[in-house]
Amino acid sequence: MSLKGKHILLGICGGIAAYKIPMLIRLLKKQEACVRVVVTEAATRFVTELTLSTLSQEPVCKNIFPDSFSTEDDWTRHISMGEWADAYVIAPATANTIAKLAAGICDNMLSASFITLRPNKPKLIFPAMDGEMFASASVQRNLSWLSQNGCVIINPESGDLASGQCGTGRMPEPETIVEMIAGAVGGKSRNSKLYGKSVVVTAGPTREKIDDVRFISNYSSGKMGFALASAAAARGAWVTLITGPASLPTPDGVNRLDVESAEEMNHEVKARYATCDIFIGAAAIADYRPGKPVEGKIKKSNETMELSLVKNPDILAGFSEQKKPHQLAVGFSLETAGNLQNAREKLEQKKLDLIAYNTFDGKTSGFEVDTNILTLIDKNLALRELPLLSKRAAAERTLDIIEELISSDK
Ligand code: C5P
């Protein structure tokens, strides 16, 4: 593992977890990373600028306007730092700074340099605060906005908190943070063929509006898609998870986009056609939607009523149709037991590289449960029957096969 020569901009906010940051800087320097530190005023109450600059071997930035103008570009440091950084890591991120970042406020060096970071550079945010604060509606709203706009939010761990309480809010240990930074900036020499690849995963159900208060949907929980996204991110892939309504936490290191309908999902997938290396369609997309959703609420009148449905776009087939030779398309085929042939046909019709056939018994496989029994069929019709596995383990095995396909295509 090496972060050698990588430019890591480290933003520290005023939370008690800041006491872990000097150790984090030491670990980054040990990896030969170049570290520059930006602090908020409150951060300096917890850790001194002297400690931070000694360990990083760089002056610490706090004010947008320096006390004396020693060089020409002094007052534009917030811009030059954004240009300099290979990644911006905010740890600990307090509720106050999270709110500023989500709102685009630039009233200190940390928030101003955050906005100037180049759009393709990773932004890792490590919220750390009291459990009640973390769970508050405003913090969750702001984190969700940041997550949907290109930031990677590393959810805090559970355990003892400085407040004396026990709950969710602890910042991960410096060793773990270094791992995550290495995964994000590509300084990690991993053996995975997914390393550095752009992976788009669809997950969850879709909701198709009947009127303003009703919709058509299905029982999908999103667990399989979330497990795939999480496992791919852990292998060093750049993962975008486009999910229908799912009450699951965003996996670490994953960029999540929430959508409702198949059409919205399709719109987001299409926007990524060109940049995606691997597309995994794990969403349970409604095949049909009401042709004309009614404005307001449909009144109860006759004994029977008819809904006119129109076909939804096939998102996976749409991707396959235009895919370039280096891109892979992976689908899922949920069937009633014994319909493996349907999965084979789908593989061919949708021009997939791999399909995962699974059945639903409501106990060990299918929607909502945490386990699955998959049969994987690749484009050469090679078949692998997996045993009953957790969805995470099933995701790992599926990614192993995807890696084999990447190798065999070379
Ligand atoms: O045809 P069927 O719906 O059974 O195919 C399942 C696969 O196709 C899944 O991977 C699913 O995510 C994808 N799919 C899609 N768009 C649809 C329907 C299914 O991408 N409208």
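All figures in this text were calculated on a predicted structure; none of them were measured in a lab. (Residues numbered from 1 in each chain as written. Predicted model: local features only at pLDDT ≥ 70, side-chain atom pairs only at ≥ 80, totals over all residues. Heavy atoms only, no water.)

### Focus on the environment of Gln-322
Mapping Gln-322 onto the fold places it in helix H11 (residues 315-322). Distance from Gln-322 to Pro-205, taken between C-alpha atoms, is 24 Å for residues 117 residues apart in sequence. Those residues within four positions of Gln-322 in sequence are excluded, and the remaining contacts are Tyr-273 and Gln-327. (Helix = DSSP H or I, 4+ residues; strand = E, 2+ residues; numbered from the N terminus. Contact = heavy atoms within 4.5 Å.)

### Considerations on the site of the ligand
Around the ligand, a shell composed of Gly-281, Ala-283, Ile-285, Asp-287, Pro-313, Asp-314, Ile-315, Leu-316, Gly-331, Phe-332, Lys-346 and Lys-350 is seen. Interatomic distance of 3.0 Å between a backbone N/O atom of Ile-315 and a nitrogen atom of the ligand. At a separation of 2.8 Å, an oxygen atom of the ligand approaches a polar backbone atom of Leu-316. Every element with two or more residues in the shell around the ligand is listed here: H11 and strand E16 (328-335). (Near = heavy atom within 4 Å. Polar contact = N/O pair within 3.5 Å; in protein donor to acceptor, adjacent residues only side chain to side chain.)

### Observations concerning a nonpolar patch on the surface
There is a patch of nonpolar side chains on the surface, built from Tyr-288, Met-305, Leu-307 and Leu-309 and spanning about 400 Å² of accessible area. Relative to the helices and strands, Tyr-288 resides in strand E14 (residues 288-290). (Patch = residues over 30% accessible without salt bridge, like charges linked within 9 Å, V, L, I, M, F, W, Y side chains within 5 Å. Areas by Shrake-Rupley, 256 points an atom, 1.4 Å probe, with all protein chains shown as cover. Salt bridge = Lys/Arg side-chain N within 4 Å of Asp/Glu carboxyl O.)

### Notes on the environment of Asn-191
Mapping Asn-191 onto the fold places it in the loop between helix H8 (174-185) and strand E8 (198-203). Note on Asn-191: relative accessible area 75%, which makes it exposed. Separated by 44 residues in the primary sequence, Asn-191 and Arg-235 have C-alpha atoms spaced 8.6 Å apart. (Buried < 20%, exposed > 50% of the residue type's maximum accessible area, 1.4 Å probe, protein only.)

### Overview of the packing of aromatic side chains
If you walk through the whole model with that rule in mind, you get 3 aromatic pairs. A centroid spacing of 5.9 Å and a plane angle of 50 degrees characterise the contact between Tyr-88 and Phe-114, whose relative ring orientation is tilted. With Tyr-88 in strand E3 (residues 87-93) and Phe-114 in helix H5 (residues 109-116), the pair connects residues that are 26 residues apart, well separated along the chain. Here Tyr-88 matches Phe-114 in class, with each residue buried. Ring geometry for Tyr-273 versus Phe-319: centroids 5.9 Å apart, planes at 65 degrees, classification edge-to-face. Residue Tyr-273 is found in the loop between helix H10 (262-270) and strand E13 (278-281), and its partner Phe-319 is found in helix H11; the two are separated by 46 residues along the sequence. Pair check on accessibility: Tyr-273 and Phe-319 agree, each one buried. Through pairs of rings, three or more aromatic residues link up here, namely Tyr-273, Phe-279 and Phe-319. One cation-aromatic arrangement involves Arg-36 over Trp-84; the distance from NZ or CZ to the ring centre is 4.3 Å. A cation sits over an aromatic face here: Lys-123 above Phe-114, 5.5 Å from the ring centre. (Phe/Tyr/Trp six-rings, centres within 6.5 Å; stacked < 30°, edge-to-face > 60°. Lys NZ or Arg CZ within 6 Å of the ring centre and 35° of its normal.)

### Description of the pattern of salt bridges
Within this structure, the stated rule accounts for 26 salt bridges. Residue Lys-62 pairs with Glu-41 through a salt bridge whose shortest N-O separation is 3.6 Å. Taken as a pair, Lys-62 in the loop between helix H2 (49-56) and helix H3 (77-84) and Glu-41 in the loop between strand E2 (34-39) and H2 lie far apart in primary sequence, 21 residues in all. Residue classification places Lys-62 among the buried residues on the basis of a relative accessible area of 17%. Across the salt bridge formed by Arg-272 and Glu-268, the nearest N and O atoms sit 3.0 Å from each other. A network of salt bridges, in which partner residues are shared, links Arg-235, Arg-392, Glu-396, Asp-400 and Glu-403.

### Focus: H5
For H5, the buried fraction is high: 7 of the 8 residues fall into the buried class. Within H5, burial applies to Met-109, Leu-110, Ser-111, Ala-112, Ser-113, Phe-114 and Thr-116. The distance from a side-chain oxygen at the start of H5 to the backbone nitrogen of Leu-110 is 3.2 Å, and the residue carrying that oxygen is Asn-108.

### So, the nonpolar core
Within the largest apolar cluster, 36 residues are counted, with the highest numbers of intra-cluster contacts made by Leu-228, Val-239, Ile-280 and Ile-402. The leading source of residues in this core is helix H9 (residues 223-234), at 8 residues. In this view, Val-239 contacts Val-199, Val-201, Ala-229, Ala-232, Ala-233, Val-254 and Asn-255; residues no more than four positions away in its chain are not counted. (Core = buried A, V, L, I, M, F, W, Y, C linked by side-chain atoms within 4.5 Å.)

### Focus on the domain arrangement of the protein chain
Interface extent is often summarised as the accessible area lost during association of the parts. Structurally, the protein chain comprises domain 1 (7-185) and domain 2 (198-409). The partner domain 2 presents 10 residues to the 10 residues of domain 1 that form the contact. Carbon and sulfur atoms make up 44% of the area that domain 1 and domain 2 hide from each other, which totals about 810 Å². Broken down residue by residue, the surface that domain 1 buries against domain 2 is led by Ser-147, Gln-148 and Val-152, which jointly contribute 50%. (Domains from an automatic or database assignment. Buried area = accessible area lost by both parts, 1.4 Å probe.)

### Description of the pairing of E16
Along E16, 7 of the 8 residues are buried, which leaves the element largely enclosed by surrounding structure. Both E13 and E16 contribute to a ladder of 4 bridges, which runs parallel. Note that in E16 the partner of Ile-278 across the bridge is Leu-328. The handedness of the E16 to strand E17 (residues 354-359) crossover, carried by helix H12 (residues 340-349), is right-handed. (Pairing = 2+ DSSP bridges. Right-handed = clockwise from strand over helix to strand, strands pointing away.)

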